[in-house]
Structures are given as C-alpha cells and as structure tokens.
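# Structure assessment
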Amino acid sequence: MKRHSYSNHFVIFPDSWVEREWSETKGYRIDPSVVADKLRLALRKARDERDMQAFFEDYPQALPELQFYHNGPRGGLVISKLPLGQDFICDFAYASENSKCVQFTCVEIESPTKRLFNKDGSFTSDYCHARQQIADWNTWGQQNLRLVCGAFDRIGDLAYPKTYTVRLECILIMGRRSELNTIKRKQRWSAENALRQASMHVMTYDRLIDELENGFRVWTQRMLVCHYADRALQVKQISKLAT
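This text gives an overview of the structure that appears in the document. (Residues numbered from 1 in each chain as written. Predicted model: local features only at pLDDT ≥ 70, side-chain atom pairs only at ≥ 80, totals over all residues. Heavy atoms only, no water.)

### Focus: the overall build of the protein chain
Of the regular secondary structure elements, the protein chain holds seven helices and seven strands. What you see in the protein chain, going N to C, is helices and strands ordered as α-α-α-β-β-β-α-α-β-α-β-α-β-β. Since a compact globule built from 243 residues should have a radius of gyration of about 18 Å, the 18 Å found for the protein chain is in line with a globular shape. Taken along the three principal axes of its C-alpha coordinates, the protein chain extends 55 × 40 × 30 Å. (Helix = DSSP H or I, 4+ residues; strand = E, 2+ residues; numbered from the N terminus. Rg over C-alpha atoms; globule rule 2.2 N^0.38 Å.)

### Some thoughts on the packing of aromatic side chains
For the structure shown, the criterion picks out nine aromatic pairs. Ring centres of F104 and F152 lie 4.6 Å apart, and the angle between their planes is 45 degrees; this geometry places the pair in the tilted category. With a gap of 48 residues between them, F104 in strand β3 (residues 101–109) and F152 in the loop between α5 (145–151) and β4 (165–173) connect regions that are remote in the sequence. Both residues of the pair, F104 and F152, belong to the buried class. Pairing F123 with W189 gives two aromatic rings, centres 6.5 Å apart and planes at 50 degrees, and the pair type is tilted. One end of the pair, F123, is in the loop between β3 and α4 (125–143); the other, W189, is in helix α6 (residues 183–195), and 66 residues separate them in sequence. Accessibility expressed as a relative area gives 9% for W189, which makes it buried. Every member of this aromatic cluster is reached through a ring pair, and the members are F55, F56, Y59 and F92. (Phe/Tyr/Trp six-rings, centres within 6.5 Å; stacked < 30°, edge-to-face > 60°. Buried < 20%, exposed > 50% of the residue type's maximum accessible area, 1.4 Å probe, protein only.)

### Here's the deal with the nonpolar core
The biggest cluster of nonpolar side chains holds 45 residues, and the ones touching the most others in it are V11, L84, F104 and L224. By residue number, the principal contributor to this core is α4, which donates six residues. Residues L39, F56, A62 and L212 belong to the second largest nonpolar core, which totals 32 residues. (Core = buried A, V, L, I, M, F, W, Y, C linked by side-chain atoms within 4.5 Å.)

### Things to note about helix α2 (residues 32–45)
Taking 1.5 Å per residue as the helical rise, α2 with its 14 residues ought to reach 20 Å, and the 20 Å between its terminal C-alpha atoms agrees with that figure. For α2, the complete set of buried residues consists of P32, V34, V35, A36, L39, A42 and L43. Elements that come into contact with the buried residues of α2 comprise α3 (49–58) and α7 (205–214). (Expected span 1.5 Å × (residues − 1). Contact = heavy atoms within 4.5 Å.)

### With respect to the sheet that holds strand β1 (residues 77–84)
If you walk across this open sheet you meet the seven strands as β5-β4-β3-β2-β1-β6-β7, and the pairing is mixed. The open sheet has two edge strands with one neighbour each: β5 (200–203) and β7 (232–238). Sheet twist, expressed as the average angle between the axes of neighbouring strands with direction ignored, equals 30 degrees. Both β1 and strand β6 (residues 224–229) contribute to a ladder of three bridges, which runs parallel. Its bridge partner being in β6, I79 is matched across the sheet by C226. (Pairing = 2+ DSSP bridges. Axes fitted to C-alpha atoms, helices over the stretch in contact; angles between N-to-C directions.)

### Some remarks on the packing of α2 against α3
Where α2 meets α3, the closest approach of the two axes is 10 Å, and the angle between their N-to-C directions is 165 degrees. Judged on the interaxial angle alone, α3 and α2 are roughly antiparallel. Note on packing geometry: the crossing formed by α2 with α3 is right-handed. For the pair formed by α2 and α3, the contact residues are V35, K38, L39, A42, L43 and K45 on the first element and D51, M52 and F55 on the second. When its residues are assigned to classes, the contact of α2 with α3 shows six nonpolar, no polar and three charged. (Parallel < 35°, antiparallel > 145°, perpendicular 65-115°, else oblique. Left-handed = near helix turned anticlockwise from the far one by under 90°. Nonpolar A, V, L, I, M, F, W, Y, C, P; charged D, E, K, R; others polar.)

### Comments concerning the pairing of β3
Judged by how many residues are buried, β3 sits mostly within the fold: nine of nine residues are covered. Burial of the side chains of β3 extends over both faces: C101, Q103, T105, V107 and I109 are buried on one face and V102, F104, C106 and E108 on the other. Both strand β2 (residues 88–97) and β3 contribute to a ladder of six bridges, which runs antiparallel. Bridge pairing in β3 places A93 opposite C106.

### A short note on empty space enclosed by the protein
Counted by the stated rule, this structure contains one cavity of 30 Å³ or more. In this structure, the largest cavity encloses a volume near 50 Å³. For the largest cavity, the full set of lining residues is Q61, A62, L63, P64, E65, L208, E211, L212, F216, R217 and V218. Here the lining of the largest cavity is built from residues that sort into seven nonpolar, one polar and three charged. (1 Å grid on protein atoms, 1.4 Å probe; cavity = no way out; pocket = protein on both sides within 12 Å on 5 of 7 lines; lining within 4 Å. Points joined across faces, edges and corners; volume = space filled by probe spheres on them.)

Spelled out as structure tokens, the structure:
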C-alpha cells in the first residue's frame with residue numbers, strides 16, 4: 001500500500017512526480033478575477049452537472065467558504081464525491097478551522113441548465129429535490145458529527161478528541177440570478193433564505209462570481225483535489241493555475 005505523503009500527511013499521492021509538483025508549486029497564487037472569467041465561460045458551455053464538476057476540480061478556489069475561518073481549507077485540499085455514511089455522496093467537501101472551531105462543508109452542485117422556477121413562479125421539482133437532498137445531509141450530519149469526522153479520514157482527526165466546536169455546513173449551488181426577474185420570484189427566494197437553517201444555504205452561480213470578483217473569503221493558493229478510495233484520501237489532481 002502506498003504511504004501517506006510527508007509533505008501533506010492527510011493524503012496519498014499517485015506518484016512521486018505529482019508529489020514533487022505539489023511541493024514546488026503549492027504556494028503559487030491564483031487570480032480570483034481570472035477564475036471568475038473561467039467560471040462564466042464554463043457556465044455558458046456546460047451541458048450538465050458533470051461539466052461543472054470538472055470545472056470545480058480544475059478550479060476549486062471558486063467553491064464557497066473555503067476561507068470561512070482564517071486558516072483556510074485544512075491540508076489545502078478539497079474532496080470530490082465524498083461518501084457520507086451509506087446513503088449519501090456530496091459533490092465536494094472540505095474542512096476549515098481556527099483555534100476554536102472546525103467546520104466541515106459539504107457542497108451539492110446542479111447543472112446550470114436546471115431552473116429554479118416554473119413559469120407560474122413556483123419552485124421547480126429539480127430545485128425542491130436538490131434542496132431536500134442537502135436537508136437530508138444536514139439532518140444525518142447533525143445527528144452523527146463523529147461519523148462526519150470519520151468520513152473526512154485523517155482531516156477529521158483534528159476534531160476529536162480536541163475541544164473544538166464542530167460545525168457542519170451544507171450548501172447547494174443552483175440556478176442563475178437572471179431568474180429572479182419578478183417581484184413574486186424575488187419574494188419567494190428571500191423567504192427561502194429566511195426560513196433556512198443556519199447550517200444550510202442555497203446560492204446561485206452568480207453569487208460565486210461576485211465573491212471571486214470581490215475577493216470575499218477567497219482562497220488564492222493552489223489546492224489538491226482528492227477522492228476517497230481504499231480507505232484513504234487519494235490525490236486525483238492538483239488544481240490548475242489561474243494567473
């Protein structure tokens with residue numbers, strides 16, 4: 001079995017060449033405005049969710065709340081298609097921390113071609129299904145925080161037995177702001193935000209673009225994109241440069 005890396009003991013690299021590249025370039029900075037432009041282009045070209053999954057694996061810095069706490073994402077990594085227990089798989093997951101708290105963030109992305117609203121202003125079945133999915137994650141996770149920590153493998157070890165406050169955040173990324181084009185839709189979207197729990201959030205792809213352009217809680221270093229296999233976090237790729 002391959003060993004865990006000396007340069008990043010949370011993960012196993014596929015070979016020494018990838019590990020060397022990471023060691024030499026992990027401090028490189030990306031330009032958030034360039035990533036914002038690349039996100040716009042990806043949204044125009046995307047045919048389905050898989051296209052957006054590929055984009056975020058190339059540019060995970062576009063994901064929300066990577067720098068929710070000042071230390072940034074633990075291990076400089078994001079996990080693609082992380083299993084949560086036996087029933088759920090989230091598209092992306094990562095952990096951030098400070099000296100008192102660790103937050104595990106699970107993200108569901110939907111195809112940008114899926115709509116939030118029907119013609120009559122009611123929410124679409126696609127949106128209701130996606131919203132229910134993160135609600136199910138949240139319910140399971142809040143009841144099983146130790147299992148959530150376990151799902152994150154060695155990253156989850158930072159939460160126990162230390163006296164951290166542990167939080168779980170579930171985020172859905174779906175739809176475009178251009179759909180909020182009537183008073184009824186704006187009011188219903190505002191009501192959705194007001195009724196959601198503090199540990200559940202829904203945002204449009206346009207909000208990600210805004211955050212990148214404003215530099216709001218944006219992580220600007222290169223990242224490792226990992227997946228869980230053979231009972232360990234395996235490096236899938238190093239994020240692309242965007243300068």
